[in-house]
Amino acid sequence: MNDNIIENAIRFAEECFKNDSSGHDIDHTLRVYRTAVRLAERENADKKITALAALLHDVDDRKLSPETAESKSRARAFLKEQGAEEEAEKIIRIISQVSFVGTDSPVPDSIEGKCVQDADRLDAIGAIGIARAFSFGADRKRKMYDPDVKPLEGAKSSEYLAERENTTLNHFYEKLFLLKDMMNTDSAKRLAEGRDRLMHLFVESFLEEWNG
Ligand code: ADP
Ligand code: NI
């Protein structure tokens, strides 16, 4: 495996996200990378596997690159080119298991995968999570809120992934408020609590202001 694989993965991810505005920017990936490595230290997980899976976790995301979402071929090609064939299967497996797809989302079967999933989910909640949700909503030309469009609570993947008219505020009920109780590691559970409280306060204030 190339000695500079981490630096190269950062550069590769930067290249992949160059033209994206849907919340899949390089800054998200770098935050997930830093948080995942910190969780890996506390959980005695393999730091290099965790770091690579974090840096590559969104390069084949179904919103960013639908044609490679299934095969994960961008991440695969990068790992091969860097001489990481031996580690590739484990890393690709993690990437396939991290995404939130509803209440039946998979739980990664490795400790490294659990750290990456927790880091990805921590970045979807709290102050940054609120900001990402509204920039995603704006990108999709969604309304912030509409009292007549009800959230699909407790949706399983088949319903969650289906395209439908929706509002950004509903995303809090359909995903963001669920994440606190879906964290794998104890450190992430603790971090999630404060971020979850902030989001609840935000949504409460939002509705109060909306309803005058
Ligand atoms: P991840 O990086 O966790 O795989 P997603 O691809 O599901 O995230 O989404 C990227 C960002 O956009 C996240 O912060 C997520 O919460 C937000 N997002 C996803 N779907 C919606 C939606 N329907 N409305 C508002 N925000 C969304
Ligand atoms: Ni992500």
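These lines cover the structure that appears in this document, whether it is placed above or below. Counting restarts for each chain, with residues numbered from 1 along the sequence as it is written. Written order determines the labels here, with chains lettered from A and ligands numbered from 1. Local features in a predicted model are, by the rule used here, given only for residues with pLDDT of at least 70; side-chain atom pairs are given and counted only at 80 or more, and totals for whole chains, interfaces and linings are based on all residues. As a rule here, side-chain values cover all heavy atoms of the structure and leave hydrogens and water aside.

**As for the side chain of Asn170**
Okay, step 1: In this fold, Asn170 is placed in helix 9 (residues 168-174).
Okay, step 2: Overall, Asn170 belongs to the buried group, its relative accessible area being 3%.
Okay, step 3: A polar contact of 2.9 Å, which involves the side chain of Asn170, links it to the side chain of Asn166.
Okay, step 4: Ignoring any residue separated from it by four or fewer positions in sequence, one finds Asn170 in contact with Val149, Lys150 and Pro151. In this text, helices come from DSSP runs of H or I with a minimum length of four residues, and strands from runs of E with a minimum of two, each type numbered from the N-terminal end. Only protein chains enter the calculation, and the probe is 1.4 Å; a residue is then buried if its accessible area is under 20% of its type maximum, exposed if over 50%, and partly exposed in between. Polar contacts, as counted here, are pairs of nitrogen or oxygen atoms within 3.5 Å of one another; within protein the pair requires one atom able to donate a hydrogen and one able to accept it, and residues that are adjacent in sequence qualify only if both atoms are side-chain atoms. Only heavy atoms matter for contacts: two residues are in contact if any of them lie within 4.5 Å across the pair.

**Overview of the environment of Arg93**
Okay, step 1: Relative to the helices and strands, Arg93 resides in helix 5 (residues 85-98).
Okay, step 2: Measuring from C-alpha to C-alpha, the distance between Arg93 and Arg42 comes to 22 Å, with 51 residues separating the pair along the chain.

**A few points about the site of ligand 1**
Okay, step 1: Around ligand 1, the structure places 14 residues, and the nearest of them are His24, Lys63, Asp120, Arg142 and His171.
Okay, step 2: A distance of 3.4 Å is found between an oxygen atom of ligand 1 and a side-chain nitrogen or oxygen belonging to Ser99.
Okay, step 3: Arg132 places a polar side-chain atom, nitrogen or oxygen, 3.2 Å from an oxygen atom of ligand 1.
Okay, step 4: The fraction of the free accessible surface of ligand 1 (550 Å²) that becomes covered by protein chains is 95%.
Okay, step 5: With three residues, the top contributor of residues to the shell around ligand 1 is helix 7 (residues 126-139).
Okay, step 6: Partitioning the shell around ligand 1 into residue classes produces three nonpolar, four polar and seven charged. Here, proximity means that at least one heavy atom of the residue falls within 4 Å of the molecule or strand. Note on areas: Shrake-Rupley, 1.4 Å probe, and residue coverage restricted to the protein chains presented here. Three classes are used: nonpolar for Ala, Val, Leu, Ile, Met, Phe, Trp, Tyr, Cys and Pro, charged for Asp, Glu, Lys and Arg, and polar for all others, with Gly counted as polar.

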